[in-house]
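As a plain string of letters, each chain reads:
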Amino acid sequence: MEAYAVNQSIAKQTSDSADDSQTQLDTLATLAEDVIRRCRAAGASEAEIGTSIDLGLNVSVRMGEVETIEHTRDRSFGVTVYFGKRKGSASTADLQPDSIGKTIEQACAIARYTEEDPYTGLADPARLARQFPDLDLWHPWQIAPEEAIRLGIEIEDAGRIEGISNSEGASVQAGESLSVYATSQGFTGKERGTRHMLSCALIAEDAAGMQRDYWYESVRSANDFPDAATIGRKAAERTLARRNARQLGTRDCPVLFAPEVARGLIGHLVSAVSGGALYRKASFLLDHMGKKILPDFVEIVERPQLRRGQNSAAFDAEGVATKDSDLIRGGVLQRYVLGSYSARKLGLQSTGNAGGIHNLVVSTGTGDFAAMLKRLGTGLVVTEVMGQGVSIITGDYSRGASGFWVENGQVAYPVEEITIAANLRDMFTSIVAIGADVDPRSHILTGSILVGRMTVAGS
Amino acid sequence: MTLLALAERQLLQPGGLSSGDLDRVFSQLMGPSIDAADLYFQHSRSESWMLEDGIVKEGNHSIEQGVGVRAMSGEKTGFAYSDEIVLPQLLTAAHSARAIAQSGADRNSHALAAHDVKSLYPPIDPVESLPTEEKITLLREVDKFCRSLDPCIGQVIVSVSGVLDTVLVAAADGTLAADVRPLVRLNVQVIAERNGRRESGSAGGGGRYGYRELLANGRAHALAREAVRQALVNLDSVPAPAGTMTVVLGPGWPGVLLHEAIGHGFEGDFNRKGTSAFAGRMGEKIASPLCTVVDDGTLPNRRGSLSIDDEGVPTECTTLIENGVLKGFMQDKLNARLMGMRSTGNGRRESFAHLPMPRMTNTYMLPGQNDPGEIIASVERGLYAVNFGGGQVDITNGKFVFSASEAYLIENGKVTRPVKGATLIGSGPEVLTRVSMVGNDLKLDEGVGVCGKEGQSVPVGVGQPTLRIDAMTVGGTAA
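Residues numbered from 1 in each chain as written. Chains lettered and ligands numbered in written order. Predicted model: local features only at pLDDT ≥ 70, side-chain atom pairs only at ≥ 80, totals over all residues. Heavy atoms only, no water.

### Some thoughts on the overall build of chain B
Working step 1: In terms of helices and strands, chain B carries eleven helices and 23 strands.
Working step 2: What you see for chain B is a C-alpha radius of gyration of 24 Å, in line with the 23 Å of a compact globule of 479 residues.
Working step 3: Principal-axis analysis of the C-alpha atoms gives chain B an extent of 75 × 55 × 35 Å.
Working step 4: Within chain B, the proportion of its 479 residues that are buried is 63%.
Working step 5: Taking as baseline every contact in chain B between residues at least 6 positions apart, the subset at least 24 positions apart corresponds to 76%.
Working step 6: Computed over 45 positive and 55 negative side-chain charges, the separation of the two mean positions in chain B equals 3 Å. (Helix = DSSP H or I, 4+ residues; strand = E, 2+ residues; numbered from the N terminus. Rg over C-alpha atoms; globule rule 2.2 N^0.38 Å. Buried < 20%, exposed > 50% of the residue type's maximum accessible area, 1.4 Å probe, protein only. Contact = heavy atoms within 4.5 Å. Lys, Arg positive; Asp, Glu negative; His and termini not counted. Charge placed at Lys NZ, Arg CZ, Asp CG, Glu CD.)

### Comments concerning the domain arrangement of chain A
Residue and element names in this part refer to chain A.
Working step 1: Looking at chain A, the domain boundaries give domain 1 (3-240) and domain 2 (245-459).
Working step 2: Summarising the inter-unit geometry, the C-alpha centres of domain 1 and domain 2 are found 26 Å apart.
Working step 3: Facing 34 residues of domain 1, the contacting portion of domain 2 comprises 29 residues.
Working step 4: Overall, the association of domain 1 and domain 2 removes approximately 2800 Å² of surface from exposure, summing both partners, and the carbon and sulfur fraction of that is 45%.
Working step 5: Its largest share of buried area at the contact with domain 2, domain 1 owes to Tyr119, Arg127 and Leu135, together 25% of the area lost on that side.
Working step 6: Here domain 1 is connected to domain 2 by four salt bridges.
Working step 7: For Glu260, the salt bridge identified is with Arg238, shortest N-O distance 2.9 Å.
Working step 8: Counting only elements with at least two residues in the side of domain 1 that touches domain 2, the list comes to strand S5 (188-206) and strand S6 (209-219).
Working step 9: Partitioned by chemical class, the residues of the side of domain 1 that touches domain 2 number 13 nonpolar, eight polar and 13 charged. (Domains from an automatic or database assignment. Buried area = accessible area lost by both parts, 1.4 Å probe. Salt bridge = Lys/Arg side-chain N within 4 Å of Asp/Glu carboxyl O. Nonpolar A, V, L, I, M, F, W, Y, C, P; charged D, E, K, R; others polar.)

### Things to note about the environment of A:Ala313
Residues and elements named next belong to chain A.
Working step 1: Residue placement: Ala313 occurs in the loop between strand S8 (300-302) and strand S9 (325-329).
Working step 2: Given a relative accessible area of 6%, Ala313 falls into the buried group.
Working step 3: Placed 127 residues apart in sequence, Ala313 and Pro440 show a C-alpha to C-alpha distance of 17 Å.
Working step 4: Leave out the neighbours within four places in its chain, and Ala313 touches Leu135, Glu191, Pro304, Gln305, Thr322 and His358.

### Considering unusual backbone geometry
In most cases, non-glycine residues show a negative phi, while peptide bonds are predominantly trans.
Residues and elements named next belong to chain A.
Working step 1: Here the phi dihedral of Asp136 falls at roughly 65°; this positive angle occurs in a residue that is not glycine.
Working step 2: Located in the positive-phi region is Arg308, a residue other than glycine, with phi close to 60°.
Working step 3: For Arg308, a relative accessible area of 28% gives the class partly exposed.

### Let's talk about the sheet that holds strand S16 (residues 444-445) of chain A
Residue and element names in this part refer to chain A.
Working step 1: Sheet architecture is open: five strands sit in the order S10-S9-S8-S11-S16, paired in mixed fashion. Sheet topology places strand S10 (332-333) and S16 at the edges, where each strand pairs with a single neighbour.
Working step 2: Pairing of S8 with S9, which is carried by three bridges, proceeds in the antiparallel orientation. The partner of Glu302 across the bridge, within S9, is Ser325. (Pairing = 2+ DSSP bridges.)

### As for empty space enclosed by the protein
Working step 1: One pass over the full model with this rule turns up four cavities of 30 Å³ or more.
Working step 2: As a volume, the largest cavity reaches approximately 60 Å³.
Working step 3: Surrounding the largest cavity, A:Gln211, A:Arg242, A:Ala245, A:Thr383, A:Ser402, A:Gly403, A:Phe404, A:Pro414, A:Val415, A:Glu416 and B:Asn397 form its lining.
Working step 4: For the lining of the largest cavity, the secondary-structure elements that each account for two or more residues are strand S13 (396-407) and strand S14 (410-423) of chain A.
Working step 5: Of the residues belonging to the lining of the largest cavity, the class tally is four nonpolar, five polar and two charged.
Working step 6: By volume, the second largest cavity amounts to about 50 Å³.
Working step 7: Lining the second largest cavity, in full, are A:Arg242, A:Glu384, A:Met386, A:Ala401, A:Ser402, A:Glu416, A:Glu417, B:Asp394, B:Asn397, B:Lys399 and B:Ile425.
Working step 8: Looking at the lining of the second largest cavity, the elements with two or more residues in it are strand S12 (379-386), S13 and S14 of chain A.
Working step 9: Residues of the lining of the second largest cavity, tallied by class, amount to three nonpolar, two polar and six charged. (1 Å grid on protein atoms, 1.4 Å probe; cavity = no way out; pocket = protein on both sides within 12 Å on 5 of 7 lines; lining within 4 Å. Points joined across faces, edges and corners; volume = space filled by probe spheres on them.)

### Quick look at the packing of aromatic side chains
Working step 1: Within the structure shown, the criterion is met by 15 aromatic pairs over all chains.
Working step 2: Considering the side-chain rings of A:Phe132 and A:Phe187, the 6.1 Å spacing of their centres and the 45° angle between planes classify their relative orientation as tilted. One end of the pair, A:Phe132, is in the loop between helix H3 (97-111) and helix H4 (145-159); the other, A:Phe187, is in the loop between strand S4 (164-183) and S5, with 55 residues separating them in the sequence.
Working step 3: Residue class for A:Phe132 comes out partly exposed when judged on its relative accessible area of 42%.
Working step 4: Given the relative accessible area of 5%, A:Phe187 is considered buried.
Working step 5: Measuring from ring centre to ring centre gives 6.4 Å for B:Tyr384 and B:Tyr408, while their planes differ by 35°; the resulting arrangement is tilted. (Phe/Tyr/Trp six-rings, centres within 6.5 Å; stacked < 30°, edge-to-face > 60°.)

### Observations concerning the nonpolar core
Working step 1: Ranked by size, the top nonpolar core spans 59 residues in total, and within it B:Leu29, B:Leu39, B:Phe41 and B:Val69 carry the most contacts.
Working step 2: Sorting elements by how many residues they give to this core places helix H3 (residues 87-98) of chain B first, with six residues.
Working step 3: Setting aside chain neighbours within four positions, we find B:Leu39 in contact with B:Leu22, B:Val25, B:Phe26, B:Leu29, B:Val67, B:Gly68, B:Val69, B:Leu90, B:Leu168, B:Val169 and B:Ala170.
Working step 4: In terms of nonpolar packing, the next biggest core, distinct from the first, is built from 55 residues, A:Leu269, A:Val273, A:Leu380 and A:Tyr413 among them. (Core = buried A, V, L, I, M, F, W, Y, C linked by side-chain atoms within 4.5 Å.)

### Things to note about the interface of chain B and chain A
Working step 1: Taken residue by residue, the interface counts 71 residues in chain B and 68 residues in chain A.
Working step 2: For the pair chain B and chain A, the two sides together bury roughly 5500 Å², of which 49% comes from carbon and sulfur.
Working step 3: The largest contributions to the chain B side of the interface with chain A come from B:Tyr81, B:Asp83 and B:Arg198, which together make up 11% of the buried area.
Working step 4: Taken together, chain B and chain A are joined by 13 salt bridges.
Working step 5: Notably, a salt bridge pairs A:Glu416 with B:Lys399, separated by 3.5 Å at the nearest N-O pair.
Working step 6: Our enumeration of links across chain B and chain A arrives at 35 residue pairs in polar contact (both at pLDDT 80 or more). (Polar contact = N/O pair within 3.5 Å; in protein donor to acceptor, adjacent residues only side chain to side chain.)

### A short note on the confidence of the model for chain A
Working step 1: On average, chain A scores 94 in pLDDT, and the residues at 70 or more come to 96%.
Working step 2: When the criterion is pLDDT under 50, residues 1-16 of chain A qualifies, and its contacts beyond four places in sequence or with other chains add up to 31 contacts. (pLDDT = per-residue confidence, 0-100.)

### Remarks on the side chain of B:Asp269
All names here are of chain B.
Working step 1: If you trace the backbone, Asp269 turns up in helix H8 (residues 268-272).
Working step 2: We classify Asp269 as buried; its relative accessible area is 6%.
Working step 3: When neighbours within four sequence positions are excluded, Asp269 is seen to be in contact with Asn335, Met357, Pro358 and Lys453.

### Some thoughts on the pattern of salt bridges
Working step 1: Counted by the stated rule, this structure contains 62 salt bridges over all chains.
Working step 2: A salt bridge links B:Asp394 to A:Arg242; the shortest N-O distance between them is 3.8 Å. Within this pair, whereas B:Asp394 is found in the loop between strand S15 (381-393) and strand S16 (399-411), its partner A:Arg242 is found in the loop between helix H5 (228-241) and strand S7 (251-257), the two belonging to separate chains. As far as the burial class goes, B:Asp394 and A:Arg242 line up, both buried.

### What about helix H7 (residues 256-263) of chain B?
Working step 1: Of all eight residues in H7(B), eight are buried, a share of seventy percent or more.
Working step 2: Among all positions in H7(B), only B:Val256, B:Leu257, B:Leu258, B:His259, B:Glu260, B:Ala261, B:Ile262 and B:Gly263 are buried.

### Let's talk about the pairing of S15(B)
All names here are of chain B.
Working step 1: Judged from the four bridges that link them, strand S8 (residues 242-249) and S15 form a sheet pairing that is parallel. Bridge assignment links Val248 to a residue of S15, and that residue is Tyr384.
Working step 2: Note: S15 against S16, ten bridges, orientation antiparallel. Looking across to S16, one finds that Gly382 is bridged to Ile410.

### Concerning H4(A)
Working step 1: With 15 residues, H4(A) extends 21 Å between its outermost C-alpha atoms, agreeing within 8% with the 21 Å of an ideal straight helix rising 1.5 Å per residue.
Working step 2: Here H4(A) has its buried residues at A:Pro145, A:Ala148, A:Ile149, A:Leu151, A:Gly152, A:Ile155, A:Glu156, A:Ala158 and A:Gly159. (Expected span 1.5 Å × (residues − 1).)

Written as structure tokens, this is what we have:
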């Protein structure tokens, strides 16, 4: 019953405000290593464990008053066992010893029914991380609910300027996450990270009805937040700018994706060169390794170990070490985005991307947003896209959009209730410029992207 | 055994909790300015199995449980939860939750009393409803069947999943209610390839019952056929048109239109806060007189149905639009209280770790008079859309989208060529005013809907008869 003592100590420590995160990680690691031994004892040839504790405080205010205070504390424990090339998985949120025991049994029971998959298994041991550099991701924000309420009200107040008629409120979120990944190969990786958010959503009226918009900031350390009032003001500016929006007539024109939506385009590119889509032959970029898919000037590099990066990690979801690596050089695809499973299916090596991409840095030009508007000349700026109309299989792209019509580099009027459509293959090759106006809130670090031509459907 | 007894055995007894303990928690929770408070106990067991490349590759089993504790004062809510259902953790959570209100003398809660509720589904555990061998056989059989239908079929992914949710709600207003909710689902996804072109097709179905009911009447083969048919149709598709045109929506799943265009805008929270495009429009004409739309949580065995909502209120069939007139909003307890209305049994939450909100159940339009063939024949040039992916809405300006995954051109009253997937965009308060024909062929969806709101996902259903909408913007690329 060793595990029992372990669990009790986790429960006690999480209610303690002192930073004992290292001790808690050690406790999770001890639990994981113990469970691996028990999986082996149950006959598993290999096993892997992922376990985590997430703690948070979410406070929302609206119209100058607190609306909700939520204390969150989530635990998870997942085990995958391998009996040769058959595997089974089970998870629980209850870290008590008998439920951990049942979870192991469940995983083993499942592995009796799954079939042999020659490509399954743990990562290549030679590629597992051995260095665990401090990536500066741990900055707990000891904010009391009362203080969070005051901060939320300050943000919302700053946004409730003339023209703002209503509010969806402001929110303050502080979060801490501890996780351990361990395998029967002897790998134990511990990670801790904090993530904090401030946001505000406001409403304005015009003759036709109402418009809403928002702004948010997401950081690893609360010290990196801008002045709270700027978040409210930015939300207000964006909301007011949408008043009296019109529908455009159907036309073909160049489209400038503002930075907050441009990262979505890069996200589609990543999906299309990811292992899962490739081995299923479900990508329009099948067999494009070494081929030109973007203009010459586009360079995209993955930098997984950026200090305070949004998705920084020393190892991926299978323990494989991460490292800086080109994705696109001179517009040419340098590699795919692979975990061990898809790598084996494709006869390649893992790129340290089990669980997804880390931080992507897209090379930018020198132009700020105003310069990008000039570059656009006459066309559409998209600041919001709606719906899921993107097919990675065919590259067909058709989504709802809103933004601004631009004439001769100047914003003419806001637009809404339009769609933008094209094939991603053509959108990528027709990229004219990438702005220097990088949005730091995402793990995909890109400025605005100017696409040569799309079909805009409207009235 | 009653549902309440089942739930108490699953949720309260393992941690040694008695009804006296719940009283202690409520006395901790209630304060002078606390208007309402509740406890939501939940145990959730789920499994999933997945076949790909002709082999059953993955199986997963998962258990989650815990209790959410909520205290409300005016428009304020304090919330905390614990994944251990024992008294000390409950008291700690209650202490955190009630911090929302100022301290003072305690106010009493009402004595807990259970009422009989008609159950809309059997309290069976889907995981146990079929031997594992048969689940494996099912996946293999569906895979083989898909491949036998057409040589173009390359990739086949088949998955089944089953969940049993056991919940118990206790509230300071005296509510004591329990529910045992099974939910199963079968999904088939295929990729067809011909002359270097690839397209996918998918189909799924499910509901609140065991696997045997799901598989009755050859449903698995029907779904497989449907997935293959869609992929093959899309292999022949040409670019979709761009611009505003007449759109005919097929019956069933295209009812996602109603979910996005009006459903979310009819949820109580957005209307209390005045952030919905429909706020303050009760009694106004917002749709063609041909349109009557309901949200109905009382349909037996449907994916979106619930015997009681997550606040212990029996679900209802709420009329949202009657002959074109806005008749009712969907309410949970908090928003109903603040708006001086009553809960319509639409208070739902993803889990014990999430706060309840007004959410849809099964949202559909009642049938009209027109024969579907007659509706298509009435269109000179337009789009006939029969299958959709998801949708999205901005409830404040009312703009919504939904993406067609199977659509055809209508030319001179006839369905002609299939077109590529395209997003349709419209305005919620306007789109139903443009409904000029309503079919007599009401169909509900197959039972695959998932609705997301403020980061919380819940299962829902949609449905409608064939509809003619005189003008909608279609996001294709062809002139």
